[in-house]
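Each chain is listed here by its residues.
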Amino acid sequence: MKAFIAELDSKPNLLEEFDIDIWCYLIEKAIVNQDGSITFIFNNGKEISL
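Definitions and limits used
Residues numbered from 1 in each chain as written. Predicted model: local features only at pLDDT ≥ 70, side-chain atom pairs only at ≥ 80, totals over all residues. Heavy atoms only, no water. Pairing = 2+ DSSP bridges. Helix = DSSP H or I, 4+ residues; strand = E, 2+ residues; numbered from the N terminus. Axes fitted to C-alpha atoms, helices over the stretch in contact; angles between N-to-C directions. Patch = residues over 30% accessible without salt bridge, like charges linked within 9 Å, V, L, I, M, F, W, Y side chains within 5 Å. Areas by Shrake-Rupley, 256 points an atom, 1.4 Å probe, with all protein chains shown as cover. Salt bridge = Lys/Arg side-chain N within 4 Å of Asp/Glu carboxyl O. Buried < 20%, exposed > 50% of the residue type's maximum accessible area, 1.4 Å probe, protein only.

(A) Local environment of the sheet that holds strand 2 (residues 38-42). Sheet architecture is open: three strands sit in the order 1-2-3, paired in antiparallel fashion. At either end of the open sheet lies a strand with only one pairing partner, and these are strand 1 (27-32) and strand 3 (47-49). Pairwise comparison of adjacent strand axes, ignoring direction, gives a mean angle of 15° for this sheet. Inspection of the sheet shows strand 2 paired to strand 3 by three bridges, in the antiparallel sense. Bridge pairing links I41 to E47 in strand 3.

Listed below in structure tokens is the structure:
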């Protein structure tokens, strides 16, 4: 968690483009489902399906 906070502190307050480092800190994995939707599983256990 300390590494994640330090990484965020080193970034500008507003992200204007995709940042692979922040993505890797947030996301544990992404699952592509048979129906074409994607389920993102965050490192804190939260899941979001799109």
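(B) How the structure looks around a nonpolar patch on the surface. Together, F18, I20 and W23 line one region of the surface with nonpolar side chains, adding up to about 330 Å² of accessible area. Looking at where I20 falls in the secondary structure, it is placed in helix 2 (residues 20-26). The exposure class of I20 is partly exposed, given its relative accessible area of 48%.

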